Amino acid sequence: MEVSKILRTIFLVDLVKGLALTFRYQDPREIYTEQYPLQRPQVAERYRGAPRLNVNAETNETLCIACDLCALACPEHLIIVSSERNEKTRRKELTNFTYDLSRCMFCGLCEDACPTDCLELTQDFEMAMYSREGAILDRHRLEEGPTPTRYVR
């Protein structure tokens with residue numbers, strides 16, 4: 001072996017070079033830390049998070065016409081829409097809407113398929129739950145929308 005190679009091995013020159021490169025990027029003036037619970041991060045405009053069923057602001061009725069297009073567009077088959085036909089108006093009325101959040105991959109195909117813009121994926125990202133039963137959202141929880149937890153000091 002050459003003497004220079006032995007000295008490089010003994011003094012760990014390659015390790016020191018690697019550490020120097022690593023610490024060059026660890027300048028404290030360039031590190032950005034968010035104080036998460038107290039300061040909410042800005043999410044991208046096109047971020048798709050928790051689902052919500054929109055309601056008419058004036059009549060407080062759901063905008064869903066029970067066309068079942070969102071369930072057909074969903075590749076995971078996690079949306080179940082139940083409806084009954086109203087004999088007076090001869091229209092379908094939404095009776096049950098179930099959304100299984102545990103299987104959702106947030107692709108947005110259900111949102112794109114909805115002709116009335118009733119179903120939308122909000123920008124809420126706090127969806128952690130302690131049980132799988134909490135991940136199955138019914139119509140009333142979807143109409144209320146996500147309620148983010150507010151932390152105070």
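As the structure is a prediction and not an experimental result, all values here were calculated from the model.

Reading the values: the criteria
- Residues numbered from 1 in each chain as written.
- Predicted model: local features only at pLDDT ≥ 70, side-chain atom pairs only at ≥ 80, totals over all residues.
- Heavy atoms only, no water.
- Pairing = 2+ DSSP bridges.
- Helix = DSSP H or I, 4+ residues; strand = E, 2+ residues; numbered from the N terminus.

K.L.:
Whenever I open this one, the pairing of strand β3 (residues 91-100) confuses me. Can you help?
P.N.:
In the case of a regular strand, side chains alternate between the two sheet surfaces. Alignment of strand β2 (residues 79-86) against β3, held across 8 bridges, turns out to be antiparallel. Within β3, the position partnered with Arg-85 by the bridge is Lys-92. Hairpin connection between β2 and β3: a loop of 4 residues separates the two successive antiparallel strands, and Arg-90 in this loop has a positive phi of roughly 60°. Bridge analysis of β3 against strand β5 (residues 136-137) gives 2 bridges, and the strand direction is antiparallel. Following the sheet pairing, Asp-100 is matched in β5 by Ile-136.

K.L.:
Just checking my understanding: could you explain the sheet that holds β3 for this structure?
P.N.:
Whenever strands of a sheet pair, they do so through backbone hydrogen bonds, lying parallel or antiparallel. Strand order in the open sheet made by the 3 strands is β2-β3-β5, with antiparallel pairing throughout. Of all the strands in the sheet, the pair left with one neighbour each is β2 and β5.

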